[in-house]
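Examining the three-dimensional arrangement
So the chains spell out like this:
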Amino acid sequence: MALVSSTPFLQHARQNGYCVGAFNVHTLEMLQAVVEAAVETESPLILQSTVGTVKHLGADYIAAAAQTAAKLNRIPIALHLDHCADFDLIVKCIRAGYTSVMIDASHSPFEENVAQTRKVVEVGRAAGVNVEAELGKVGGVEDEIAVGEEDATLADPQECKAFVELTGVSTLAPAIGTAHGIYKGDPNIDFDRIQAIAGVVSVPLVLHGGSGIPDDQVRRAVSLGMSKMNVATELRIAFSDAIKNVFKANPSENDPRKYMVPAKQALREMAIEKMIVCGSVGKAKHFR
Ligand code: 13P
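All residue numbers refer to positions counted from 1 along the written sequence of the respective chain. It should be noted that, the model being predicted, local features are given only for residues of pLDDT at least 70 and side-chain atom pairs only at 80 or more, the latter also being counted only at that level, while totals for whole chains, interfaces and linings use all residues. Based on all heavy atoms of the structure, the side-chain values leave hydrogens and waters out of the count.

Here three strands make up an open sheet; going across it, the order is β7-β6-β9 and the pairing mixed. Taken across any chain shown, the strands that pair with only one partner, and hence form the sheet edges, are β7 (145-147) and β9 (179-180). Note: strand β6 (residues 139-142) against β7, three bridges, orientation antiparallel. Across the sheet, Glu142 pairs through a bridge with Ile145, a residue of β7. We call two strands paired when DSSP finds no fewer than two bridges between them. Only DSSP runs of H or I reaching four residues or more are called helices, and only runs of E reaching two or more are called strands; each is numbered from the N terminus.

The structure is reproduced here in C-alpha cells:
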C-alpha cells in the first residue's frame, strides 16, 4: 500500500468508539519499531514527526522511510506533521509525501486561528491530506513549543463547533487538560468537556499529551469521542533508557546495532501497549 490520509480511519474510529495511536518518531529505528508494533497488532497507524525532526532528518528522508513501511506492510499508514505554525513548511511536507498535517495557530486569537487553518485546509483538500488544528492551548513542552501551566487554556465547546464549521478542518485537537511531557501529578482531564465537545463536533477529536495518562483515563477519553492519541515522550524515554542500559553494562560498546536492537524492542513493546489501550488492535482489516 501507499501512505494514506488518516481521515478515513479516524472517522471510522470516531464512529466505532476506538482510537488510533499517533507516534512521534525521530530515527529510522523508532519508525520501524512503531511500524512493527502496528503490524503485530493489525492496527491502523499514524507516524508523526515534529517540526524539529523535519529539520533534523529532512522531510524527504522521513517520507521515503514511511512510504517504504507502507509499501512493505498490509496496514494503513499515514504520515503526519505534528504542531506546525509555518505554512511554507506544511506545503513542503505535503509535497514530500506527508498525508496529514497539523496547523497549530492555537497561540493566536480565534479569528486568526480560523484564518490560518482555512488556508491550510484549502491546500490539504486539494492534496487529499488530513488537516488537524488545535483550539485552546495544550500545556507543557513539545519540541520547540512550550506552553506554561499559567498559559494553558481549555477549549470551549461552542467555539469548537464554530471553528470546525468555519474552517472545514478534518480533525480537531481541543485542549481538555492533558499536557505534553510527563505529568508531575495525575493529569487533570476535563471529561465533561470532552463529552460536551464531542456532542457538538462530529469530526474525529485528537488527544494530545498521551504520555503518562493512566490507561483507564485514556479508555474513558476514547469512549467519549477521542479518536487519535498522540504519544511522544514515553516512547523517547523507553528508547533512550534501553540504550543507556546497554552502555551501563558495556561502556565501551561501539556498534550501533548492539544498542539499537534493544531500543527498538523497548519502543515496540511500549507502542503495542498504547495500541491495546487505544482499542485499535485488529482494525487494519477495514482499510485494505
Ligand atoms: P507527549 O509527549 O506527552 O506524549 O505528547 C505528545 C503529543 O501530544 C504530540 O503532539
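Picking up after the structure, the text goes on.
To be near a molecule or strand, a residue needs just one of its heavy atoms within 4 Å of it. Around the ligand, a shell composed of 15 residues is seen, among which Asp82, Gly209, Ser211, Ala232 and Thr233 lie nearest. Within the side chain of Asn230, one N or O atom sits 3.0 Å away from an oxygen atom of the ligand. The contact in question runs from an oxygen atom of the ligand to an N or O atom on the backbone of Ala232, over 2.8 Å. Mapped by element, the contributors of at least two residues to the shell around the ligand are β3 (77-84), β9 and β11 (226-231). Contacts described as polar in this section are N or O atom pairs within 3.5 Å, which, within protein, must combine one atom able to donate a hydrogen with one able to accept it, while residues neighboring in sequence count only if both atoms come from side chains.

A carboxyl oxygen of Asp or Glu within 4 Å of a side-chain nitrogen of Lys or Arg is what we treat as a salt bridge. Per the stated rule, a full pass over the model turns up eleven salt bridges. Lys274 serves as the salt-bridge partner of Glu234, at 2.6 Å between the closest nitrogen and oxygen. Remark: Lys274 occurs in helix α11 (residues 256-278) and Glu234 occurs in helix α10 (residues 233-249); sequence separation between them is 40 residues. Across this residue pair, the class does not change: Glu234 and Lys274 are buried. Residues Lys244 and Asp241 are paired through a salt bridge, measuring 3.5 Å at the closest nitrogen-oxygen approach. One end of the pair, Lys244, and the other, Asp241, are both in helix α10, three residues apart, so they sit about a helical turn from each other. Only protein chains enter the area calculation, which uses a 1.4 Å probe; residues under 20% of their type maximum are buried, those over 50% are exposed, and those in between are partly exposed. Assessed through its relative accessible area of 34%, Asp241 is described here as partly exposed.

Between the rings of Phe, Tyr and Trp (Trp by its six-membered ring), a pair exists once the centres lie within 6.5 Å; its type follows the angle of the planes, with under 30 degrees stacked, over 60 edge-to-face, and the other angles tilted. Overall, the coordinates contain three aromatic pairs when judged by the stated rule. Centroid distance Phe9 to Phe287: 6.0 Å. Interplanar angle 70 degrees. Geometry classified as edge-to-face. Note that Phe9 is positioned in helix α1 (residues 7-16) and Phe287 in the segment after α11, a separation of 278 residues in sequence. Neither Phe9 nor Phe287 differs from the other in exposure class; each is buried. An angle of 45 degrees between the planes, with centres 5.0 Å apart, marks the rings of Phe247 and Tyr259 as tilted. On the criterion of sequence distance, the pair formed by Phe247 in helix α10 and Tyr259 in helix α11 is long-range, its members being twelve residues apart. Residue classification places Phe247 among the partly exposed positions, given a relative accessible area of 29%. Positioned over the ring face of Phe87 is Lys119, at 4.1 Å from the centre of the ring. Over a ring means this: the NZ of a Lys or the CZ of an Arg is within 6 Å of the ring centre and within 35 degrees of the ring normal. Sitting over the ring of Phe191, Arg220 keeps its end group 4.0 Å from the ring centre.

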